[in-house]
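Fold and contact review
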Amino acid sequence: ETVVDALDRPEAAAPVPACRIETGQLEEARALLERLPAQLLASPGDWSRPAMLAMVTDLAFDLGVSIDARRFTAALRPLAGQMVVVAGWVQVLGRADRYLGRLAQMRGDLAGAIDHFATARHLDQASGAHLWASWAAHDEARARLERDGPGDAPVAEALLDGALRTAKRLGARRLASSIRDVVA
């Protein structure tokens, strides 16, 4: 299957721009992502739809691409508390709550975003999914820094410190780089 064929099937297309991000091809990833969210929401969906919704949320959030966060939230909300996985191949995408947090932050609901990120962080930590707990901590810290409420800065700093320690221990370069970008 070619990349073009995958892009004609929204239920299989999200990994393509994700690979572009991983290889530093950000503009190519943005271009691929322009039509994907609307196509995904319009598709009837299948077993992979929750994972594709989560991946597109991640991609849009990381690249600053606008998506219909309300419709994505409605589609992902029934999955809150569950682990999002792709069954055709093994890929764990973390808790749906993290993606709900990213969507809330895209909508400007920072308190809701922080609540979702904290839930994802606690669930992932409790289940031993330390990498995903660290991504949730990273996202919660970003939302706290954006909100800039009383006590947010020291909590964000502690979250980022812990996430960076985990990223270094696990060799998670992308997470470590993203944490450094937040701190800078």
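Fair warning: this is a prediction, and the values are worked out from it, not measured in the lab. (Residues numbered from 1 in each chain as written. Predicted model: local features only at pLDDT ≥ 70, side-chain atom pairs only at ≥ 80, totals over all residues. Heavy atoms only, no water.)

**A closer look at the layout of surface pockets**
As a volume, the largest pocket reaches approximately 470 Å³. Taken together, 20 residues line the largest pocket, and the ones lying closest to its centre are Glu22, Asp58, Gln91, Trp132 and Arg174. Those elements that provide at least two residues to the lining of the largest pocket are helix H3 (15-22), helix H6 (49-63), strand S2 (91-95), helix H8 (96-106), helix H10 (130-147) and helix H12 (173-183). Sort the elements by how many residues they give to the lining of the largest pocket and H3 lands first, with five residues. For the lining of the largest pocket, the residue count by class is 14 nonpolar, one polar and five charged. (1 Å grid on protein atoms, 1.4 Å probe; cavity = no way out; pocket = protein on both sides within 12 Å on 5 of 7 lines; lining within 4 Å. Points joined across faces, edges and corners; volume = space filled by probe spheres on them. Helix = DSSP H or I, 4+ residues; strand = E, 2+ residues; numbered from the N terminus. Nonpolar A, V, L, I, M, F, W, Y, C, P; charged D, E, K, R; others polar.)

**Here we look at the confidence of the model for the protein chain**
Detailed conclusions should not be drawn from predicted coordinates in areas where pLDDT is low. Across the protein chain, the average pLDDT comes to 88, with 91% of residues at or above 70. Residue range residues 1-7 is modelled with pLDDT below 50. Its contacts to residues more than four positions away, or to other chains, number eleven contacts. (pLDDT = per-residue confidence, 0-100. Contact = heavy atoms within 4.5 Å.)

**What to know about unusual backbone geometry**
Despite not being glycine, aspartate 148 has its phi angle at roughly 55 degrees, a positive value. Tracing the backbone shows aspartate 148 in the loop between H10 and helix H11 (152-170). A relative accessible area of 59% places aspartate 148 in the exposed class. (Buried < 20%, exposed > 50% of the residue type's maximum accessible area, 1.4 Å probe, protein only.)

**With respect to the packing of H8 against H10**
One way to put it is that H8 packs onto H10 with a least axis distance of 10 Å and a crossing angle of 20 degrees. Here H8 lies roughly parallel to H10, going by the angle between them. H8 and H10 meet at a crossing whose hand is left-handed. Together, Arg98, Tyr99, Arg102 and Gln105 of H8 and Trp132, Trp135, Ala136, Asp139, Arg142, Ala143 and Glu146 of H10 make up the contact between the two elements. Partitioning the contact of H8 with H10 into residue classes produces five nonpolar, one polar and five charged. (Axes fitted to C-alpha atoms, helices over the stretch in contact; angles between N-to-C directions. Parallel < 35°, antiparallel > 145°, perpendicular 65-115°, else oblique. Left-handed = near helix turned anticlockwise from the far one by under 90°.)

**Considering the side chain of aspartate 97**
With respect to the helices and strands, aspartate 97 occurs in helix H8. Of the side chains with opposite charge, arginine 95 lies nearest to the buried aspartate 97, which makes no salt bridge, at 5.9 Å. Of note is the side chain of aspartate 97, whose polar atom sits 2.6 Å from the backbone nitrogen of glycine 81. With residues near it in sequence (within four places) discarded, aspartate 97 still touches Ala80, Gly81, Gln82, His116, Phe117, Thr119, Ala120 and Leu123. (Lys, Arg positive; Asp, Glu negative; His and termini not counted. Salt bridge = Lys/Arg side-chain N within 4 Å of Asp/Glu carboxyl O. Polar contact = N/O pair within 3.5 Å; in protein donor to acceptor, adjacent residues only side chain to side chain.)

**Describing the pairing of strand S1 (residues 83-86)**
Every other side chain in a regular strand lies on the same face of the sheet, so the side chains alternate between the two faces. On S1, burial follows the alternation: Val84 and Val86 on one face are buried, whereas Met83 and Val85 on the facing-out side are not. Across three bridges, the pairing between S1 and S2 is antiparallel. Directly across from valine 86, in S2, lies its bridge partner glutamine 91. (Pairing = 2+ DSSP bridges.)

**Some remarks on the nonpolar core**
Counting 46 residues, the largest nonpolar core has Leu33, Met52, Val56, Phe72, Leu76 and Leu93 as its most contacted members. Of the residues forming this core, the biggest block, nine residues, is contributed by H6. Every residue in contact with leucine 33, bar those within four places of it in the chain, is listed here: Val56, Leu59, Ala60, Leu63 and Val65. Residues Ala104, Leu110, Ala113 and Ile114 belong to the second largest nonpolar core, which totals six residues. (Core = buried A, V, L, I, M, F, W, Y, C linked by side-chain atoms within 4.5 Å.)

**What about the pattern of salt bridges?**
As enumerated under the stated definition, the model contains 13 salt bridges in all. A salt bridge links arginine 102 to aspartate 58, with the shortest nitrogen-to-oxygen separation between them at 2.5 Å. Residue arginine 102 is located in helix H8, and its partner aspartate 58 is located in helix H6; the two are separated by 44 residues in the primary sequence. Taking relative accessible area as the criterion, aspartate 58 reaches 14% and is therefore assigned buried. When the shortest N-O distance is used, the salt bridge between aspartate 152 and arginine 147 registers 2.7 Å. Relative accessible area serves as the criterion here: at 1%, aspartate 152 is assigned to the buried category. Its relative accessible area of 36% is what places arginine 147 among the partly exposed residues. What emerges from the salt-bridge pattern is a single network uniting Asp58, Asp62, Arg98, Arg102, Asp139 and Arg174.

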